[in-house]
Amino acid sequence: MRVTRPTAASLRAEARLLSLAGIILLLIGFPVTLWLVASALSEGGLSPILPLAIGAPPIMLGYLACHFASQRMVKAKALERGR
């Protein structure tokens, strides 16, 4: 089995894909969480646990995807500097 090192271009492509996925998750997670919080705070609203249970996973996954995308970009820049 032959293992190849990632190139700067492939790391940048992965970073673009990860950042796009992260942004989509954040664009879904924030409004849903805000709506659930507003609903939980209203009179006779939903359970106060729902914003945490439903809204937190997409926000955390979106944050992690953007975090790993930025790490990929740093690695790509380091690879280019090393040449």
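Use the structure listed above.
Conventions we followed
- Residues numbered from 1 in each chain as written.
- Predicted model: local features only at pLDDT ≥ 70, side-chain atom pairs only at ≥ 80, totals over all residues.
- Heavy atoms only, no water.
- Salt bridge = Lys/Arg side-chain N within 4 Å of Asp/Glu carboxyl O.
- Helix = DSSP H or I, 4+ residues; strand = E, 2+ residues; numbered from the N terminus.
- Expected span 1.5 Å × (residues − 1).
- Bend = angle between axes of the 7 residues up to and from the residue.
- Buried < 20%, exposed > 50% of the residue type's maximum accessible area, 1.4 Å probe, protein only.
- Axes fitted to C-alpha atoms, helices over the stretch in contact; angles between N-to-C directions.
- Parallel < 35°, antiparallel > 145°, perpendicular 65-115°, else oblique.
- Left-handed = near helix turned anticlockwise from the far one by under 90°.
- Nonpolar A, V, L, I, M, F, W, Y, C, P; charged D, E, K, R; others polar.

1. Overview of the pattern of salt bridges
No. 1: Following the criterion strictly, the structure yields 2 salt bridges and no others.
No. 2: Salt-bridge contacts for Glu14 lead to Arg72; the nearest nitrogen and oxygen are separated by 2.5 Å. Taken together, the residues Glu14 in helix 1 (residues 8–41) and Arg72 in helix 2 (residues 50–82) connect sequence positions 58 residues apart.

2. Digging into helix 2
No. 1: For helix 2, which comprises 33 residues, the first-to-last C-alpha distance of 48 Å matches the rise-based estimate of 48 Å (1.5 Å per residue) to within 8%.
No. 2: Along helix 2, the sharpest kink reaches roughly 40°, centred on Ala56 and followed within four residues by the proline Pro57.
No. 3: Pro51, Gly55, Pro58, Ile59, Gly62, Ala65, Ala69 and Ala76 are the residues of helix 2 that are buried.

3. Considerations on the packing of helix 1 against helix 2
No. 1: Remark: helix 1 packs on helix 2, axes separated minimally by 7 Å, with the N-to-C direction vectors making an angle of 160°. Relative to helix 2, the element helix 1 lies roughly antiparallel. Considering the relative orientation of helix 1 and helix 2, their crossing is left-handed.
No. 2: Of the residues contributing to the contact of helix 1 with helix 2, the split by class is 27 nonpolar, 6 polar and 5 charged.

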